Amino acid sequence: RVKGYGLELDEEKEIFKEAILAIKSEEYIRGAQLTNNVKKMLETAEEKFFFENASLSLSGVGDLINQARDVGIDVSILEDPFNKYKTNLEKKEFEKIEDFVTGVKEFSEQAASVLNPQIKNRLAEVITNELSTLPAIMERASSLDADISEEVSGLKAVEALRTEERRKEAYKNLMELNTSLA
């Protein structure tokens, strides 16, 4: 079952070769012991592979949930299943890791298909709204003889990022501009 996962199993291969040699030289007990050791090593490698995949998927969906929450999207419907998967992974509470990973990946894909368009639209909306208010704020700061040259450059950068549809970067820069002008 481990074949096809792209795992480096050099040590396991060597021990298996030793097991075969032991059996060929009629050291059956040693051969069986080595084979059993390899089986345990392969099971551990497979579990580690699945565990890491589940962990990466959950980390990604956790980041996505946080991004959505940060821009004001209600993610409450996703929090319970996310926390359940996360807790089960941390406590290793699952019957078969393969089934667990499949569930995590399906959840991650569904969450991404729901959240990505919402985040994209919400970022576009927030950026548009913020960009409409910034010129007035900057004009007021300028009338107070404040040096806003950095903010003017920042605003141009935000508009360029927005044009390039690099919304996350534009949003981050926009929030920094707001902080700078506050």
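You'll find the structure just up there.
What counts and what doesn't
- Residues numbered from 1 in each chain as written.
- Predicted model: local features only at pLDDT ≥ 70, side-chain atom pairs only at ≥ 80, totals over all residues.
- Heavy atoms only, no water.
- Helix = DSSP H or I, 4+ residues; strand = E, 2+ residues; numbered from the N terminus.
- Rg over C-alpha atoms; globule rule 2.2 N^0.38 Å.
- Buried < 20%, exposed > 50% of the residue type's maximum accessible area, 1.4 Å probe, protein only.
- Contact = heavy atoms within 4.5 Å.
- Areas by Shrake-Rupley, 256 points an atom, 1.4 Å probe, with all protein chains shown as cover.
- Lys, Arg positive; Asp, Glu negative; His and termini not counted.
- Charge placed at Lys NZ, Arg CZ, Asp CG, Glu CD.
- Salt bridge = Lys/Arg side-chain N within 4 Å of Asp/Glu carboxyl O.
- Core = buried A, V, L, I, M, F, W, Y, C linked by side-chain atoms within 4.5 Å.
- Phe/Tyr/Trp six-rings, centres within 6.5 Å; stacked < 30°, edge-to-face > 60°.
- Lys NZ or Arg CZ within 6 Å of the ring centre and 35° of its normal.
- Axes fitted to C-alpha atoms, helices over the stretch in contact; angles between N-to-C directions.
- Parallel < 35°, antiparallel > 145°, perpendicular 65-115°, else oblique.
- Left-handed = near helix turned anticlockwise from the far one by under 90°.
- Bend = angle between axes of the 7 residues up to and from the residue.

Draft legend 1. Region of the structure containing the overall build of the protein. In terms of helices and strands, the protein carries six helices and zero strands. Listing the helices and strands of the protein from first to last along the sequence gives α-α-α-α-α-α. In summary, the protein has a C-alpha radius of gyration of 27 Å against a globular reference of 16 Å for 182 residues, an excess of more than 25%. Structurally, the protein occupies a C-alpha span of about 95 × 35 × 25 Å along its principal axes. When the 182 residues of the protein are sorted by exposure, 32% land in the buried category. A separation threshold of at least 6 residues defines the contact pool for the protein, and within that pool the share at least 24 residues apart is 69%. Of the accessible surface of the protein, which amounts to about 12,100 Å², a share of 51% is contributed by carbon and sulfur atoms. The protein carries 25 positive and 36 negative side-chain charges, and their two centres are separated by 4 Å.

Draft legend 2. Structural context of the pattern of salt bridges. A complete count under the given rule lists 10 salt bridges for this structure. Taking the shortest distance from any N to any O, the salt bridge between E164 and R166 comes out at 2.7 Å. We classify R166 as partly exposed; its relative accessible area is 35%. Members of the salt-bridge network, linked through shared partners, are E164, R166 and E169.

Draft legend 3. Layout of the nonpolar core. Of all hydrophobic cores here, the largest spans 38 residues; its most connected members are V61, I65, I73, L115, I119 and L174. The set of elements that each furnish at least two residues to this core consists of α2 (28-70), α3 (76-90), α4 (97-143), α5 (149-163) and α6 (167-181). Broken down by element, this core gets its largest block of residues, 15 residues, from α4. Setting aside anything within four residues of it in sequence, one finds L174 in contact with V126, I127, E130, L131, L134 and V158.

Draft legend 4. Region of interest: the packing of aromatic side chains. Across all of its chains, the model carries four aromatic pairs by this definition. Taken together, a centroid distance of 5.7 Å and an interplanar angle of 65° make the contact between Y85 and F100 edge-to-face. Of the two residues, Y85 is situated in helix α3 and F100 in helix α4; the sequence distance between them amounts to 15 residues. Overall, the relative accessible area of 22% leaves Y85 in the partly exposed class. For F100, a relative accessible area of 8% corresponds to the buried category. Residue placement shows K92 over the ring face of F51; its charged tip is 5.2 Å from the ring centre.

Draft legend 5. Structural detail: the packing of α2 against α4. It is the contact of α2 with α4, at a shortest axis distance of 9 Å, that shows an interaxial angle of 20°. Taken as axis vectors, α2 and α4 run roughly parallel relative to one another. As for how α2 packs across α4, the hand of that crossing is left-handed.

Draft legend 6. Region of interest: unusual backbone geometry. Phi is positive for E26, close to 65°, though the residue is something other than glycine. Inspection of the secondary structure puts E26 in the loop between α1 (10-24) and α2. Phi angles above zero are rare outside glycine, and K92 is one such case at about 55°. The exposure class of K92 is partly exposed, given its relative accessible area of 48%.

Draft legend 7. Examining α4 more closely. Of all the bends found along α4, the most pronounced is centred on L134 and spans about 30°, while P135, a proline, follows it within four residues. One or two residues past the end of α4 sits D145, with phi positive at roughly 60°.

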